[in-house]
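So the chains spell out like this:
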Amino acid sequence: MAVAEAQLYAKVSNKHRSRGTSALLEPLLAKGFPAHIAQKALVATGQKTIEDAAKWLHSHCNDPSLDDPIPQEYALYLCPTGRLHSRLQDFWKESKRQCGRNRAHEVFPHVTLCDFFTCEDQKVELLYDILKRVGDSFSQNFPPSITLTLHASPSYLGFFIDDSQANVLKEFAVAFSSEASALADCHVKPSLKQFHLTLAHRFYPHHQKTLEQLAKCINPGEPCQWVAALYSRDMRFVHYQRLRALFQYKPQNIDELMINAGDLIYVDPRQQGEVSEGWVIGTSHRTGCRGFLPENYTEKAHESDTWVRHREYVFETASRSSTKTEKEPNVKLNGEAHNLSMSRSVTSVVSLQNAALRRGVLVMSHGERVDQVFGKSWLQQCLTAEGKYYRADLNFPSSLPRRKDSMKQFECDPPLSCCGIFQSRLIGEALLDQEVMVSYVYSSPALCCVQTAQHVLQGLKLNQKVKIRVEPGLFEWTKWEASRAIPNFMTVAELIEASYNIDTSYRGNFPLSSLVPSESYEDYVSRSSAVIKQIITACPNKGKGVILIVGHGSSLAPLTRALTGLPSRDSGDFAHSVQKIPSLGMCFCEELKEENKWQMVNPPVKTLTHGANTAFNWRNAIMED
């Protein structure tokens, strides 16, 4: 840019600068904050208001990195708004529901103009000025509408931008990067590869057809106003996972992290190896503090959830593009034309596809067992000197079912706790609320699984209509049996005598005698694969209906991955993942009969999360000093 032109711009923009960052910075300096910390707070909040920056400073008062001179990373994205953005968000939601998360879900819909680069805090305002100036100079040349063409491959799905229009966008990106590099002393690289808007990335190949079908429901000619937006992220946590707190957690120990519902947490996967089961160590995005927190208080968040949106330049093209789509287009779905004016979201369109719902398979782990609360010696706590059972705690069942052999067999085949019974009924009631139609129920021969199936059916109000098929092949990986022997399970006759609604006509695919102690991981995976296929074959497709399978934490991955055609996990990864599966953890698979395959989707009900309730001794806690 010529010197004279730069001087002229400085005069014009002087008013903007005087009410911009400097106007925000001065009140913070007046409060006694050092300049570098005040600028850090402004940058971290997008330099919007004094109140935002002051709140950030208050939250980060104990942040050990507050004085660290670490700049933020910035990226310039071209983002759609309006109806096209709504359609893309619908696709995001539905693709996640049907096919699970993929890499594209980590970031909102966008076209990358300039990838991430660093900029010193005190020079960020220059980026804002450059964005406005370059935007003004290109506003007249910006395409009145952008032509998007769907492109698909086994690992990528997205819209490519027409070359002639992409060239204008590239010129805009080059102009921004050149001025930012010169004036803000940043090393900015414009994106010069094929301009695209990603819909899905790094997904399983067998999901490609489903994702393509969903993408074809998006009309790329929808009215859209494009916005060039500047985002920032904390460069220290680029390769970390993000978690979102579901509940507040107040630390019980000095090394634990205080979190509020909605807080975002950075977690480094490499640091979790030595952490106790059920806990993670992370850094709070809100406070900058680090510590341990319970993992079941969180859910996975998206990468861009922690990004900050700074300034944007709106290209005024909405009026011109809106005239191009006065009539709603017809979209072909499964060979039939459907008018989107009758259904303005991808979810509604997809409901046409699912009108005649296929079979579903709901695999769940059993409810809370007594030994998970009271330890392996739980039975000793409940036996009198005469060997009779009594209820030593309200979480023990009121009675144990009769069995012909010794009561000690319950040590290797423990029942549900009272909380486990409540959990199971609650899940059944939730399934009833969602109008889930369970047609068949299969259970591991373990007593806790049979009881879980029974109480889920009671919650569904189906305990008199649907019988439980006890399938020995669903028992967990026998290598994990502490006794190194297969438990003596209750017989079908004993279960019926105890009022469990067992299907006496069912003959298991794997007899009990076929279960071998300390089987190899490969044998367990092979057994799981065989039993799920035999269950599917034995349950005819009579339209809408769900097959409920109650097993163990180790059951979820082998059964569902075999059903959906995914390879088995590595044995080391498998053991680690099973430790994280809670009581009544669920996976749901849905049949795509027209494609002769199954896909994993979100379960029909939410998971059940609750805290621990330890034993209470009033004498020790209240009376003793």
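Below or above, wherever it landed, is the structure these notes cover. Residue positions are counted from 1 within each chain, in the order its sequence is given. Only residues with pLDDT of at least 70 are given local features in this predicted model, and only at 80 or more are side-chain atom pairs given and counted; all residues enter the totals for whole chains, interfaces and linings. Heavy atoms from the whole structure form the basis of all side-chain values; hydrogens and water molecules are not counted.

Okay, the overall build of the chain next. Each helix and strand in the chain was counted, giving 18 helices and 20 strands. Think of it in three bands: with a 1.4 Å probe and only protein chains considered, a residue is buried below 20% of the maximum accessible area for its type, exposed above 50%, and partly exposed in between. Taking all 625 residues of the chain together, the buried fraction comes to 50%. Only heavy atoms matter for contacts: two residues are in contact if any of them lie within 4.5 Å across the pair. Within the chain, contacts between residues at least 6 apart in sequence are counted, and of these 76% link residues at least 24 apart. Each accessible area value is a Shrake-Rupley result obtained with a 1.4 Å probe; residue values ignore everything except the protein chains displayed when judging cover. By element, 52% of the accessible surface of the chain is carried by carbon and sulfur atoms, the whole surface being about 30,800 Å². The secondary structure listing takes helices from DSSP runs of H or I that are at least 4 residues long and strands from runs of E that are at least 2 residues long, numbered from the N terminus.

What follows is about the pattern of salt bridges. Salt bridges are defined as contacts in which a side-chain nitrogen from Lys or Arg sits within 4 Å of a carboxyl oxygen from Asp or Glu. For the structure shown, the criterion picks out 25 salt bridges. Residue Glu 179 is joined to Arg 133 by a salt bridge in which the shortest nitrogen-to-oxygen separation is 2.4 Å. Taken together, the residues Glu 179 in helix 7 (residues 163–183) and Arg 133 in helix 6 (residues 124–138) connect sequence positions 46 residues apart. The exposure class of Arg 133 is buried, given its relative accessible area of 13%.

This part covers empty space enclosed by the protein. A pocket, in this scheme, is an open set of points on a 1 Å grid over the protein atoms alone with protein on both sides within 12 Å along at least 5 of 7 lines, while a cavity is a set where a 1.4 Å probe fits but cannot get out; residues line either one if an atom lies within 4 Å of a point. Grid points are joined across faces, edges and corners, and a volume is the space filled by probe spheres set on the points. Following the criterion strictly, the structure yields two cavities of 30 Å³ or more and no others. A volume near 40 Å³ is recorded for the largest cavity. Elements with a contribution of two residues or more to the lining of the largest cavity: helix 15 (521–538) and helix 16 (556–564). Classification used: nonpolar for Ala, Val, Leu, Ile, Met, Phe, Trp, Tyr, Cys and Pro, charged for Asp, Glu, Lys and Arg, polar for all others including Gly. Among the residues forming the lining of the largest cavity, the class breakdown is five nonpolar, one polar and two charged. The volume enclosed by the second largest cavity comes to roughly 30 Å³. Lining the second largest cavity we find Gly 473, Leu 474, Phe 475, Tyr 524, Ser 528, Val 531, Ser 555 and Leu 559. The element contributing the most residues to the lining of the second largest cavity is helix 15, with three residues.

The subject of this paragraph is a nonpolar patch on the surface. Residues Phe 616, Trp 618 and Ile 622 make up a contiguous nonpolar surface patch of roughly 400 Å² in combined accessible area. As for its position among the elements, Ile 622 is in helix 18 (residues 618–623). Exposure above 30% relative accessible area and no salt bridge define the residues that can form patches, which grow by joining like charges within 9 Å and nonpolar side chains of Val, Leu, Ile, Met, Phe, Trp and Tyr within 5 Å.

Pairing between two strands is assigned when DSSP locates at least 2 bridges connecting them. Strands sit in the order 2-1-6-12 across an open sheet of four strands; the sheet is antiparallel. Two strands close off the open sheet at either side, each with one partner strand: strand 2 (111–119) and strand 12 (308–314). This sheet shows a mean twist of 20 degrees between the axes of neighbouring strands, independent of strand direction. One ladder, built from nine bridges, connects strand 1 (residues 72–81) with strand 6 (residues 225–233); its direction is antiparallel. Residue Thr 81 lies in a different strand from strand 6, and its bridge partner there is Gln 225. Strand contacts of helix 7: strand 1, strand 2 and strand 6, with the helix running at about 10 degrees to strand 2, the strand carrying the most contacts. Axes here mean lines fitted to C-alpha atoms, for a helix over just the part in contact, with angles spanning 0 to 180 degrees between N-to-C directions.

A few words on the sheet that holds strand 16 (residues 438–443). As summarised here, the arrangement of the six strands in space is 17-16-18-15-19-20, forming an open sheet in which the pairing is mixed. What marks the edges here is a single partner per strand, and that holds for strand 17 (468–470) and strand 20 (597–601). Neighbour to neighbour, the strand axes of the sheet diverge by 25 degrees on average, direction disregarded. Bridge count between strand 15 (residues 359–365) and strand 18 (residues 545–551): seven bridges; the pairing is parallel. Within the sheet, the bridge partner assigned to Leu 362 lies in strand 18 and is Leu 548.

Once that is clear, we can look at the pairing of strand 4 (residues 156–161). Burial of strand 4 is extensive: five of the six residues sit out of reach of the surface. Bridging between strand 3 (residues 148–153) and strand 4 involves six bridges; their strand directions are antiparallel. If you follow His 151 over to strand 4, its bridge partner there is Gly 158. The hairpin turn running from strand 3 into strand 4, its antiparallel successor, is two residues long.

This part is about the side chain of Ser 443. On the secondary structure map, Ser 443 appears in strand 16. We define a polar contact as two N or O atoms separated by no more than 3.5 Å, with the added condition that, inside protein, one atom must be a possible hydrogen donor and the other a possible acceptor, whereas residues neighbouring each other in sequence contribute only through side-chain atom pairs. Engagement of the side chain of Ser 443 in a polar contact is seen with the backbone nitrogen of Val 450, the distance being 3.2 Å. Here Ser 443 is in contact with Cys 449, Val 450, Ala 453, Ile 468, Arg 469, Val 470, Glu 471, Leu 474 and Val 550, once residues within four sequence places are set aside.

We now examine unusual backbone geometry. Positive phi values are uncommon outside glycine, yet Glu 435 reaches one of about 60 degrees. Along the chain, Glu 435 falls in the loop between helix 12 (418–433) and strand 16. Even without a glycine there, the phi angle at Lys 461 is positive, about 60 degrees. Here Lys 461 shows up in the loop between helix 13 (447–460) and strand 17. Exposure remark for Lys 461: the relative accessible area of 62% places this residue in the exposed category.

Turning to the packing of helix 15 against helix 16, a few remarks are in order. As a packed pair, helix 15 and helix 16 sit with axes 8 Å apart at the nearest point and diverge in direction by 60 degrees. Taken together, the axes of helix 15 and helix 16 lie oblique to each other. Helix 16 is crossed by helix 15, and the crossing has right-handed handedness. For the pair helix 15 and helix 16, contact is made by Tyr 524, Ser 528, Ser 529, Val 531, Ile 532 and Ile 536 and by Pro 558, Leu 559, Ala 562 and Leu 563, respectively. Each residue belonging to the contact of helix 15 with helix 16 can be placed in one class, and the counts come to eight nonpolar, two polar and no charged. Small angles under 35 degrees read as roughly parallel and large ones over 145 as roughly antiparallel, with 65 to 115 read as roughly perpendicular and the rest as oblique. It is the rotation of the near helix from the far one that decides the hand of a crossing: anticlockwise by less than a right angle makes it left-handed, clockwise makes it right-handed.

Among the 10 residues that make up helix 3 (residues 35–44), seven are buried, leaving the element largely enclosed by the rest of the structure. Looking only at helix 3, the buried set comprises Ile 37, Ala 38, Gln 39, Lys 40, Ala 41, Leu 42 and Val 43. Immediately beyond the C-terminal end of helix 3, within one or two residues, lies Gly 46, with a positive phi of roughly 80 degrees.

Below, the discussion takes up the nonpolar core. Only buried residues count toward a nonpolar core. Its members are Ala, Val, Leu, Ile, Met, Phe, Trp, Tyr and Cys residues joined through side-chain atoms within 4.5 Å. In this structure, Leu 127, Phe 176, Leu 199 and Trp 226 are the most contacted members of the largest nonpolar core, which totals 52 residues. Per element, the largest residue contribution to this core is seven residues, and it comes from helix 6. Once you skip the residues sitting within four places of it in the chain, Phe 176 turns out to touch Leu 76, Cys 114, Phe 117, Leu 127, Ile 130, Leu 131, Val 134 and Leu 230. Counting residues in each nonpolar core, the second largest holds 46 residues, with Met 364, Leu 460, Met 490 and Tyr 500 among its members.

Following both chains from N to C, one finds helix 3 and helix 4 (residues 50–59) inclined at 110 degrees, their axes separated by 8 Å at the closest point. Between helix 3 and helix 4, the angle is such that the two are roughly perpendicular. Helix-helix and strand crossings are classified by hand; for helix 3 and helix 4 the assignment is right-handed. Between helix 3 and helix 4, the contacting residues are Ile 37, Lys 40, Ala 41, Leu 42 and Ala 44 on the first element and Ala 53, Trp 56 and Leu 57 on the second. The class makeup of the residues in the contact of helix 3 with helix 4 is seven nonpolar, no polar and one charged.

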